[in-house]
Amino acid sequence: MTNDTQAPEQTDGFHLVIDALKLNGIDTIFAVPGIPITDLTRKAQAAGIRMISFRHEQHAGNAAAAAGFLTQKPGICLTVSAPGFLNGLTALANATTNCFPMILISGSSEREIVDLQQGDYEEMDQLAIAKPLCKAAYRVLHAEDIGVGIARAIRSALSGRPGGVYLDLPAKLFAQSMDAEAGKRSLIKVVDPAPRQLPAPDSVQRALDLLKGAKRPLIVLGKGAAYAQCDADIRALIEKTGIPYLPMSMAKGLLPDTHAQSASATRSHVLAEADVVMLVGARLNWLLSHGKGKTWGTPASKQFIQIDISPTEMDSNVPIAAPLIGDIGSCVSALLAGLGNSWAKPPADWTQGITERKEKNQAKMAATLALNPATMNFHSALNVIRNAVKARPDAIVVNEGANTLDFARSIVDMYEPRKRLDVGTWGIMGIGMGFAVAAAVVTGKPVIAIEGDSAFGFSGMEVETICRYNLPVCVIVFNNNGIYKGTDVNPLGGDLAPTVFVKNARYEMMMQAFGGVGVLANTPEELAKALDEAVKSGKPTLINAIIDETAGTESGRITSLNPQSAKKK
Ligand code: ADP
Ligand code: TPW
Ligand code: MG
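Residues numbered from 1 in each chain as written. Chains lettered and ligands numbered in written order. Predicted model: local features only at pLDDT ≥ 70, side-chain atom pairs only at ≥ 80, totals over all residues. Heavy atoms only, no water.

Student: So what about the sheet that holds strand β18 (residues 517-521)? Which residues, and what values?
Tutor: Read from one edge to the other, the open sheet built from six strands follows the order β15-β14-β16-β17-β19-β18, with strand pairing classed as parallel. The two strands at the open ends of the sheet, each matched to only one other strand, are β15 (420-422) and β18. Adjacent strand axes in the sheet meet at a mean angle of 15°, parallel and antiparallel pairs treated alike. Judged from the five bridges that link them, β18 and strand β19 (residues 541-546) form a sheet pairing that is parallel. The residue of β19 that forms the bridge with Val-519 is Ile-543. (Pairing = 2+ DSSP bridges. Helix = DSSP H or I, 4+ residues; strand = E, 2+ residues; numbered from the N terminus. Axes fitted to C-alpha atoms, helices over the stretch in contact; angles between N-to-C directions.)

Structure follows, in structure tokens:
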């Protein structure tokens, strides 16, 4: 009932934050509650936002980052002040490094006390600490500025090169009240948060000319190309030009890995021999040997075309002959339009040579995968997962570890875009359960997390989260008793070697502890059965796959990055 004497309706900081997020289509928040944001998590849930509550902020943050990558909406992670904020910060920095849009919203202590360093509860100058680790960082002090703060955070996360944004909300802000009508008017619905950026016509022509003149062209697809969600155009560009392509790990599935033009099975050959390489949303960082050195064959033997939204990425490692600056969707469609109807496919000696090498390598791999050694190894276990993903190409694969990562990346074929989430640009351990939760929550599809036993340990407690929300996640722990191998020995006796864990650990019991399904698998048959049941039932499952502890190599495929001691004993 209303009457003339009633005071105007009020709103407050809590509600304005929730209303601003909802107005911008945010439907999920990944969080760990506590002072000062406990009520925010409750009120957000009551307002219909899906609240996914974690056991540690790093995993909530990783979930937000993965959600951002999968949906092109910034994933939201919500934490308490100082320690909670710091726990979330690794995920924010990792999201920024990976170019995934996310917003870390942290409650913080009283400005007056923090700035005079008078020792407040969880005192920390969070804004200053976050700044160098993300794209942008903002603090809101007044309820009437919440709309602007959230709009700026969303735009910063999504526009240009996507990345992580920090939003600092001091405790006092939540309780501030204001007139509800004025509050409503203060909110901003962000229009066109990731505006298309059309490439300049002359840069498109330059790229086409270079590509046309190539004798041995190659296209490299990176996770920027997967993020861009212009899958049909990317496929059309590759098929119409007939150029062989290499997907970086998270671009696998943009075209099915079984595609005739995929050069993955002869990666070192094409990188060394290509004369013109077109990078599509992939940086020439360590993952591509910085575009130079032995991997890339004869020095100065290639010219690069690079499609990227970030102009300053150009020439970061080697000269880029044809920079194509714009969003990948616009750049690829401009290239397609410029191909015309008489585009000549690359010379047959280049493409046939690739096909021959590829078939030889694939036959070798098939022979290795067919072996069934007495103790399960990476190959015989991954062959099972390879078949499972072939049968369920809509399943999302999460992958981390060293050998477990490197072998899975090459053995498990992907068939659909954005179905593979992994350690990314940093090669970071700990993304596993956070990424798996996000993938299940935002897509509803089955998730298969292929986890080294060390890698799993970084986020293992989140199996409780997986059980609590009853998510269709099947975690497969590749249990080789340690980091890389389980065979190191301490030459002095006593403690175990630093890379070795408790032998024959029963990881499956962790899932059972929370009501999920836990299975010990010693053979490919046992693994196949458990995985099939998990995918069919959608029940939270952990399969403890026992892997030959001698089978791995130091650091997987990046042994060469280990510094070597000059002193011989
Ligand atoms: P990978 O590790 O798969 O090689 P990187 O993370 O190194 O991929 O590269 C991704 C690149 O994609 C980044 O340089 C980023 O600026 C770019 N990028 C991300 N989204 C877009 C987009 N929509 N349009 C253009 N470039 C993009
Ligand atoms: C945050 C260093 C790279 S790979 C790895 C570590 C600890 C684990 C490898 O063992 P795992 O795999 O998972 O059992 P496998 O199959 O070879 O036995 N801390 C962080 N990130 C990284 N990358 C490390 C440490 C590392
Ligand atoms: Mg291991």
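Student: Residues and numbers for the site of ligand 1, please.
Tutor: Taken together, 20 residues are adjacent to ligand 1, and Arg-161, Lys-223, Arg-283, Asp-308 and Ile-328 come closest. Between ligand 1 and the protein, one listed contact pairs an oxygen atom with a side-chain N or O atom of Arg-283 at 2.8 Å. At 2.9 Å from a nitrogen atom of ligand 1 is found a main-chain nitrogen or oxygen belonging to Ile-328. Considering ligand 1 on its own, with 580 Å² of exposed area, one finds that the protein chains cover 96% of that surface. Among the elements that line the shell around ligand 1, the one with the most residues is helix α11 (residues 223-227), at three residues. (Near = heavy atom within 4 Å. Polar contact = N/O pair within 3.5 Å; in protein donor to acceptor, adjacent residues only side chain to side chain. Areas by Shrake-Rupley, 256 points an atom, 1.4 Å probe, with all protein chains shown as cover.)

Student: Residue-level account of the packing of aromatic side chains, with values.
Tutor: Scanning the model with the defined rule gives nine aromatic pairs in all. Considering the side-chain rings of Phe-14 and Phe-174, the 5.2 Å spacing of their centres and the 25° angle between planes classify their relative orientation as stacked. In this pair, Phe-14 is assigned in helix α1 (residues 13-23) and Phe-174 in helix α8 (residues 171-175), connecting sequence segments 160 residues apart. Owing to a relative accessible area of 2%, Phe-174 belongs among the buried residues under this scheme. Above the plane of the ring of Phe-14 lies Lys-43, whose end atom (NZ or CZ) is 5.5 Å from the centre. (Phe/Tyr/Trp six-rings, centres within 6.5 Å; stacked < 30°, edge-to-face > 60°. Buried < 20%, exposed > 50% of the residue type's maximum accessible area, 1.4 Å probe, protein only. Lys NZ or Arg CZ within 6 Å of the ring centre and 35° of its normal.)

Student: Tell me about the coordination of the magnesium ion (ligand 3), and name the residues and values.
Tutor: Every protein donor of the magnesium ion (ligand 3) is accounted for by Asp-453 (OD), Asn-480 (OD1) and Gly-482 (O), and the metal-donor separations fall at 2.1 Å. If you list the donors of the magnesium ion (ligand 3) from N- to C-terminus, the spacing comes out as D-x26-N-x1-G. With Asp-453 in helix α19 (residues 453-457) and Gly-482 in the loop between β17 (473-479) and α21 (508-512), this pair connects stretches of sequence that are 29 residues apart. When its relative accessible area of 3% is taken as the criterion, Asp-453 is described as buried. Note on Gly-482: relative accessible area 3%, which makes it buried. (Donors = N, O, S within 2.8 Å, 3.2 Å for Na, K, Ca; no water.)

Student: Explain the pattern of salt bridges to me, and be specific about the residues and the numbers.
Tutor: Counted by the stated rule, this structure contains 23 salt bridges. Among the salt bridges present, the one from Glu-313 reaches Arg-161, with a minimum N-O distance of 2.8 Å. Remark: Arg-161 occurs in the loop between α7 (146-158) and β7 (164-170) and Glu-313 occurs in the loop between β12 (303-308) and β13 (322-325); sequence separation between them is 152 residues. For the salt bridge of Lys-529 with Glu-533, the shortest nitrogen-to-oxygen distance reads 3.5 Å. Of this pair, Lys-529 and Glu-533 both sit in helix α22 (residues 524-537), four residues apart, which is roughly one turn of the helix. For Glu-533, a relative accessible area of 45% gives the class partly exposed. Look at the salt bridges and you will find they share partners, linking Arg-111, Asp-115, Asp-125, Arg-139 and Asp-168 into a network. (Salt bridge = Lys/Arg side-chain N within 4 Å of Asp/Glu carboxyl O.)

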